[in-house]
There are 6 protein chains.
Amino acid sequence: MEQKVVDRLTEMVGRLSEISDGEEKSGKCSTILPSVSEIEKIVAIIKNIIFPRFFDHPEAAGAIRSYYIGMNVEQLYSLLSTQIARGLVFGTDECERSVADKAEEIALKFIESLSEIKRLLYTDVEAMVHNDPAVKSSGEVIFCYPMVEAMTHYRVAHKLLTMSVPIIPRIISELAHSKTGIDIHPGAVIGDHFCIDHGTGVVIGETCIIGSHVMLYQGVTLGAKSFTYGDDGVPLNVPRHPIIEDNVTIYSNTSVLGRITIGHDTVIGGNVWQTRSVAPHSLIVQGKAMSTTFMDGAGI
Amino acid sequence: MEQKVVDRLTEMVGRLSEISDGEEKSGKCSTILPSVSEIEKIVAIIKNIIFPRFFDHPEAAGAIRSYYIGMNVEQLYSLLSTQIARGLVFGTDECERSVADKAEEIALKFIESLSEIKRLLYTDVEAMVHNDPAVKSSGEVIFCYPMVEAMTHYRVAHKLLTMSVPIIPRIISELAHSKTGIDIHPGAVIGDHFCIDHGTGVVIGETCIIGSHVMLYQGVTLGAKSFTYGDDGVPLNVPRHPIIEDNVTIYSNTSVLGRITIGHDTVIGGNVWQTRSVAPHSLIVQGKAMSTTFMDGAGI
Amino acid sequence: MEQKVVDRLTEMVGRLSEISDGEEKSGKCSTILPSVSEIEKIVAIIKNIIFPRFFDHPEAAGAIRSYYIGMNVEQLYSLLSTQIARGLVFGTDECERSVADKAEEIALKFIESLSEIKRLLYTDVEAMVHNDPAVKSSGEVIFCYPMVEAMTHYRVAHKLLTMSVPIIPRIISELAHSKTGIDIHPGAVIGDHFCIDHGTGVVIGETCIIGSHVMLYQGVTLGAKSFTYGDDGVPLNVPRHPIIEDNVTIYSNTSVLGRITIGHDTVIGGNVWQTRSVAPHSLIVQGKAMSTTFMDGAGI
Amino acid sequence: MEQKVVDRLTEMVGRLSEISDGEEKSGKCSTILPSVSEIEKIVAIIKNIIFPRFFDHPEAAGAIRSYYIGMNVEQLYSLLSTQIARGLVFGTDECERSVADKAEEIALKFIESLSEIKRLLYTDVEAMVHNDPAVKSSGEVIFCYPMVEAMTHYRVAHKLLTMSVPIIPRIISELAHSKTGIDIHPGAVIGDHFCIDHGTGVVIGETCIIGSHVMLYQGVTLGAKSFTYGDDGVPLNVPRHPIIEDNVTIYSNTSVLGRITIGHDTVIGGNVWQTRSVAPHSLIVQGKAMSTTFMDGAGI
Amino acid sequence: MEQKVVDRLTEMVGRLSEISDGEEKSGKCSTILPSVSEIEKIVAIIKNIIFPRFFDHPEAAGAIRSYYIGMNVEQLYSLLSTQIARGLVFGTDECERSVADKAEEIALKFIESLSEIKRLLYTDVEAMVHNDPAVKSSGEVIFCYPMVEAMTHYRVAHKLLTMSVPIIPRIISELAHSKTGIDIHPGAVIGDHFCIDHGTGVVIGETCIIGSHVMLYQGVTLGAKSFTYGDDGVPLNVPRHPIIEDNVTIYSNTSVLGRITIGHDTVIGGNVWQTRSVAPHSLIVQGKAMSTTFMDGAGI
Amino acid sequence: MEQKVVDRLTEMVGRLSEISDGEEKSGKCSTILPSVSEIEKIVAIIKNIIFPRFFDHPEAAGAIRSYYIGMNVEQLYSLLSTQIARGLVFGTDECERSVADKAEEIALKFIESLSEIKRLLYTDVEAMVHNDPAVKSSGEVIFCYPMVEAMTHYRVAHKLLTMSVPIIPRIISELAHSKTGIDIHPGAVIGDHFCIDHGTGVVIGETCIIGSHVMLYQGVTLGAKSFTYGDDGVPLNVPRHPIIEDNVTIYSNTSVLGRITIGHDTVIGGNVWQTRSVAPHSLIVQGKAMSTTFMDGAGI
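Nothing here was measured: the structure is a model prediction, and the numbers come from that model. Positions within a chain are numbered from 1, following the residues in the order the chain's sequence is written. Chains and ligands are labelled sequentially in the order written, the chains with letters from A and the ligands with numbers from 1. Totals for whole chains, interfaces and linings use all residues, but because this is a predicted model, local features are given only for residues with pLDDT of at least 70 and pairs of side-chain atoms are given and counted only at 80 or more. Note: side-chain values were computed over all heavy atoms of the structure, leaving out hydrogens and water.

A.B. asks: Help me out: how do you make sense of the relation of the copies chain D and chain E in this one?
C.D. replies: The operation relating the two chain copies consists of a rotation about an axis and a shift along that axis. By a simple turn and slide, chain D fits onto chain E: the slide is 0.0 Å along the axis, the RMSD is 0.0 Å, and the turn is 120°. Such values leave the two copies arranged in the relation of a three-fold axis. In this description, contact between two residues means that some pair of their heavy atoms is separated by no more than 4.5 Å. Interface overlap between copies is the fraction of interface residues in one copy that are interface residues in the other; for chain D against chain E it is only 12%, indicating separate surfaces. Only residues with pLDDT of at least 70 in both copies contribute their C-alpha atoms to the least-squares superposition of the copies.

A.B. asks: Quick question: what am I supposed to make of the sheet that holds strand β5 (residues 209-210) of chain A here?
C.D. replies: In a beta sheet, neighbouring strands are held together by backbone hydrogen bonds and run either parallel or antiparallel to one another. All names here are of chain A. In this description, strands pair whenever DSSP reports at least two bridges between them. Runs of H or I in DSSP of at least four residues are treated as helices and runs of E of at least two as strands, each being numbered from the N terminus. Ordered by their spatial adjacency, four strands build an open sheet running β2-β5-β8-β11, and the pairing between neighbours is parallel. Pairing within the sheet leaves two strands with one partner each, and these edge strands are β2 (189-190) and β11 (261-262). Both β5 and strand β8 (residues 243-244) contribute to a ladder of two bridges, which runs parallel. Of the residues in β8, the one forming a bridge with I209 is I243.

A.B. asks: Explain helix α7 (residues 146-162) of chain A to me, please; I cannot follow it from the model alone.
C.D. replies: Two residues of an α-helix separated by three or four positions point the same way, owing to the 3.6 residues in each turn. All names here are of chain A. Each residue after the first adds 1.5 Å to the expected span of a helix. Look at α7: 24 Å from first C-alpha to last across 17 residues, which is about the 24 Å you get at 1.5 Å a residue. Here α7 lies mainly inside the structure; 14 of its 17 residues are buried. Downstream of α7 by one or two residues, S164 has phi in the positive range, about 65°. Partly exposed describes any residue whose relative accessible area lies between the buried limit of under 20% and the exposed limit of over 50%, with all areas from a 1.4 Å probe on protein chains only and scaled to the type maximum.

A.B. asks: Can you help me understand the relation of the copies chain F and chain C in this one?
C.D. replies: In screw terms, the move from chain F to chain C is a rotation of 180° and a rise of 0.0 Å along the axis, fitting with an RMSD of 0.0 Å. The transformation just described matches what one would write down for a two-fold rotation axis. For chain F, the residue whose C-alpha comes nearest the rotation axis is R97(F), separated from it by 5.0 Å. Interface overlap between copies: 100% of the residues of chain F at the interface are likewise at the interface in chain C, consistent with a symmetric, same-surface contact.

A.B. asks: Looking at this model, I keep getting lost on the sheet that holds strand β7 (residues 221-223) of chain B. Mind explaining?
C.D. replies: Residues and elements named next belong to chain B. Taken in spatial order, the five strands line up as β1-β4-β7-β10-β13 in an open sheet, and their pairing is parallel. Looking at which strands have only one partner, the edges of the open sheet turn out to be β1 (183-184) and β13 (273-274). As paired strands, β7 and strand β10 (residues 255-257) are joined by three bridges and run parallel to one another. If you follow L222 over to β10, its bridge partner there is V256.

A.B. asks: Sorry, what's going on with the interface of chain D and chain E here?
C.D. replies: It is common to give the size of an interface as the accessible area that goes away when the parts come together. Of the residues lining the interface, 59 residues belong to chain D; the matching set on chain E comes to 67 residues. On the chain D side of the contact with chain E, R53(D), P133(D) and F143(D) bury the most area, a combined 13% of that side's loss. By convention in these notes, a salt bridge is any Lys or Arg side-chain nitrogen within 4 Å of a carboxyl oxygen on Asp or Glu. Where chain D meets chain E, there are two salt bridges. Taking the shortest distance from any N to any O, the salt bridge between R8(E) and E105(D) comes out at 3.2 Å. Here a polar contact means two N or O atoms within 3.5 Å. Within protein one must be a hydrogen donor candidate and the other an acceptor candidate, and residues neighboring in sequence count only if both atoms are side-chain atoms. Connecting chain D to chain E are ten residue pairs in polar contact (both at pLDDT 80 or more). Only α3 (65-89), α4 (100-112), α5 (114-131), α6 (138-144), α8 (168-180) and β15 (292-296) of chain D provide two or more residues apiece to the side of chain D that touches chain E. Per-element accounting of the side of chain D that touches chain E gives the leading share, seven residues, to α3(D). For the side of chain D that touches chain E, the class distribution of residues is 24 nonpolar, 23 polar and twelve charged. A 1.4 Å probe defines the accessible area here, and the buried area is the portion of it lost by two parts on being joined, summed over both. Just so you know the grouping, Ala, Val, Leu, Ile, Met, Phe, Trp, Tyr, Cys and Pro go in nonpolar, Asp, Glu, Lys and Arg go in charged, and all remaining residues, Gly too, go in polar.

A.B. asks: Explain the confidence of the model for chain A to me, please; I cannot follow it from the model alone.
C.D. replies: In low-pLDDT regions, the fine details of the predicted coordinates are not to be read closely. All names here are of chain A. Confidence of the predictor at the level of single residues is given by pLDDT, which spans 0 to 100. Within chain A, residue pLDDT values average 88, and 89% of them lie at 70 or more. Counting interchain partners and residues more than four positions distant, the pLDDT-below-50 stretch residues 296-300 has twelve contacts. Here the prediction assigns the complex a pTM of 0.92, and the interface score ipTM is 0.90.

A.B. asks: Which parts of the structure should I look at to understand the interface of chain F and chain C?
C.D. replies: At the interface, nine residues of chain F touch nine residues of chain C. The junction of chain F with chain C conceals about 790 Å² of combined surface from both sides, 73% of it contributed by carbon and sulfur atoms. Along the contact surface separating chain F from chain C lie zero salt bridges. The interface formed by chain F and chain C includes zero residue pairs in polar contact (both at pLDDT 80 or more).

Below, the structure is given as structure tokens:
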């Protein structure tokens, strides 16, 4: 490299090494941040535990189940404790060491909740088997439906959020969003037998409450209609997303917005823009106005 | 680790090792499941064969083409035979060994169809070069258009499905869905010179029949309008998705639903909700009702 | 392998080794193509430089910042020079060697622009902190918002495009599209404090011009309404996407199409289909026609 | 690449693809050969089982021992069955499939012998603790003495040889030879409490019989003195290496050659050339003749 | 897997999970052991620092030296602190946490000694350039002479030993022994300009003291002649290896044994067995007795 | 990290970044050095070409030989050209670019010599089959005899040396030395049917000339007896190692030193120290003086 190039690079290194305004300053502990790749490993291990022969190298799932589950549980405990601790000190002045015991206890409690998470996920799989004529077995759902990925991430992230773990739940849900196009905020509350088909573009907001046996199709938004602002002009984090009761189906690309309630046993068709509450046992479809203009043979 | 922690983990390992209701029981062969990561490798090899200098480490594509193609074809034969065998016994009581010969024959036949798959994919690439003013060469399309990824997966998965390989085709199509947001069921029938631009959110259902020179934009759904249920309340797998004839273009976020026919040389504009058949040479656009209300300067 | 199998495979290798019509012929230099995986590494390095403790193995970010930044800058210079050179000769008859000096100068100039790219990205992060009630810190935005991924790729790709680097910018933007579902053409011009929430399905076309403090939600298309064709029937690459002025917010699944102008300080609601220009300080929402038909208790 | 280079390379590929005289022809099964890297993995797993916290990633050794041992035993069973089967058909006309059951039974029996192998290895470690004043604990021996590597390979290879597994035992012993410079033929019979210090250059021949509590230093050869030839001029594989009785110590660089017996409780000093049997309780040292000539201040 | 196989494997897992007599019990801290692979990384980093362009991926050595050295020094500090802490608690009842500060201080002091270690190693390289007629440059020595590997390990291990780090130094020296066949105990004291040619089989004992400008050839043992035993029958760790003064050369396969002194400026020929001290300026060669018997044409 | 630690590390980085006396200065090209790991890959590829099913992942060796050989030959050409170019400029002021053509021609010529190298290696394998009663097939020799590793490296390194490639041959031979303990200088000239058994500690000097059908055992040194010094006190690189004629066998730990000739059809026993020429058809064994003193029952 010519000296001139070295000089120009060196100058840029100097400027890029400055701490810019938007950057977090390191606290007194120069805390290590949570690691996205470690969190990916954590979710992969949880999938190994819950769906033992599906996502690991199949040979590794082995024949003697308890050894396999045991190894995964131990590794989960170790990796999860570390990331929870990093989450607990994220953006604070605390040091990782001071929260280590708390993090380990949370990790342990989380592991103790895994059999319930597993039970819920199998209700989701079962629901999909009943809802999609193209599917032949629960194994096919586990292998081929992005919903399994999305719901595993969601149910794990939601549990961690209820145990007050900061930042980690959101990283987990964003990992699923990236892979599946399904964006479920870990704060949402979702019942059993939950289904999403195709799923790309689905958004489920932070304060949603969703009952049992609910089914969504691709592009459904369960969002906020508008924000409430505090005196300082910052939007407030208040309940602002819909409540969906049991046995509701919402077809593709429909938006349900605001703190409204969709009554149980309701069906909402596709491409609907719904901003008002709906009584139980309703059927909502697009009005005629949505019908299209027909111009035989016309140029565009 | 303290003994108390060990005890709690041990208890959970016990509970998580139980076979839950939703889980597939292992058959008498304790068959190894298909491997998603091996299937990813298989598609990568196929891409190396069809687009030799684009997706491999470029140095590996080498100068003497037949060695490179030869190595890839051999490896494909070996990996594909194994995964097809696993697919054939998936969810059955059969053992992998008993289907090995059949799997190898299918793999071989599939490889013999690769030159036709290659021909079709190059028509897709060619069509995109003609349709997008932003594109400069077929090389740019191969590198930068998610459609190439989606259609390679689709054409491979579709071929395997027509050879009655279970589960593997759906895993292949879901891999493309995850990467591109384009969800094409391997059961769909799609002609040559097929184009998708941007593509996120596109859904093409299992019983779609699509002609030649068809172009779709992002968010287009070619879906079912409703399901037909059997006596047992389970939805039936009958033709329920649209037929799209030759030379049809469908713009972004439009849904075409049900077993309807879109006649050839038709254009459907964006955001249309189409549930009835359309004659050839039609132009469909959103009706006025779709126009928006204009409120200068009003607060939301 | 039986001889018969070898023969069938050998025949296919022969046929698949033929250069098909759609394939690019190798130029006299048998030029090596750009490498997608190397370009992924390049963007990862840029993220390490701009968000030092977030996306690398956290331990690697180290304590002595200038060493870390320095190593990354050097590696960036080397990898980027190579890929730019490959881009410059892509589809031409030129040889890589003859553009090496030019490529190195471009890489150097690009690195010299990194502090400006960094500044812009931190304004994007800052804007998101102000716009989403669910967010607590800029660190959370950097970790959990796909917009950061999408905008880093966009701002890098756009810069390279303005320096006339072929093909590489589009590969970079497609990498972000695959991960986030957000598809921003590197040719678009986007101001500071730009926000996208959720983002799946967002499409921003090649000739868009977007001001400062603009916010988009998932599914927004800033697209072309129609194409202008040349005498040869090929669509022309002319300005055909909207101009969005400062302080505009566009809600989910809205399409803004054609070379129209959305005046500053305007809000466009969700699911709107906008094809005409709008004055500043406007509020656009769906007309009543969009309201849905309500059928209590009816079957679908 | 210029055509001329392609031509020259192509010609060489043709010539190098010919089967030369010395090469094994493939049998009718085109059997896959044993894999040196898989065999390395097998020995690594055995070391994990026998010395659980020493040679694996230490974190992996975990807290709940039976899960860790269990996973390793299962993996060992699977990998070892495969390699044994490949060994059984090596150089024969048999097919791997036909020996699969036999190979699995051998692997199982081998695993059932592992606790005895473990017991023996810990006697070797214990002996070294007693013999070397520089050592402080058995842990230090396990970590730092090449003897542990060499003896683990030997005891495993020897067991497999006694179960009539071809080729694999020799590959295992050569792996240790490469790492430690200690070359023990798997056919040798070696008792408990066996020690080798430093070890580089030690050679122990195929028909050696070694008692308990024997200690060797670097460079010791227990070899053949001469060969017995058959009528065809090929050397015969008859007992031709020494018998070393219990409690014998042999110092560095000494050679003990031929089918002689070194009686128990004997010490042989360094640099000795021993070709005759020795009674028990002997002390053998170099004769005076070995003393050196002393030339003060002389040039060489 | 058949149940019978599972049962047999399960039984063996049980037996192999028992703690055998020879195994170290875990202390109350269930301390993680030192990691051989991390220690390998540590030495590799040190080689990067001392011989910057030789052993890393050459491209990584970069153009701007201080960034490269800086990154390596930081990583060294982090990895070394961890391993030293594990060494400090090895075989004790202490917990890693309680020695963390001490370990970091030792790591820091070690790093501060690196420039002296570097200086010494370059004297060794320089000496080899002067001593071997086959060598052309110091670069050739660094690349091709196993002595550089052996001496780097030794000088690092020796320094750590003088700072009372347990176990780690021996692991470091054994790594070099395995690669080079040269076994230098970290307790030995070795001056500058030290050379070993070829080196296989060289052994240098724990209490050796070696001056400057000493040169050894392959197979040289600087060992103990006999052990001194304590009342309990255990050999005592007393000075028992030779003192080699300045400017001594010892040719191949010679053994120098016991606490004797080889005076300065002495040459000892090959295959000598030396157990008595030697005055300065001596020349020692094999006596006549070593001459061989000549039997023309005789059979062996 | 505390500031104090940062300061101490920073100071050391400064000192370690200085170019020390012994270090090579970078030439004007800041040439990249040869890469040991790339050279390891090169030899591995050559082994794949010469022993196709033995050292690669066995599955990769495939069924259609010419594709496999072809891919390896192409990769060899590319990697070898690069390393030869780096070797050619090593320690000079030349730039890699200026020797690229020359390096490619040498690589090509080397590849054209591979069939002769292959022929020679199979004679070595064949000779070992005839010489060792423990061996059953040539396949066993290829798998288990370190000689194959050592001789492949030697014959490759020797060929490159005869084509005047600097430094690379020595790196290749040192790689074999590290793995096998056999140290053959690439300058030595060695005929066909050459055998080494066990091999640890064998040294073959730069100016050795060895005929056909020669067999060596472990620890044999074919070395220099003394050096000839130039006027400047530097040892001269003149013929100084023995000439070994055809059909000679030399047993373990024997040293043959100086420019002497061992006549054809000679056998030299073990532990011999030979410094004078020997007539053909000789048998050399240790004189009686080498016999040991026998002290029944004495303490050491």
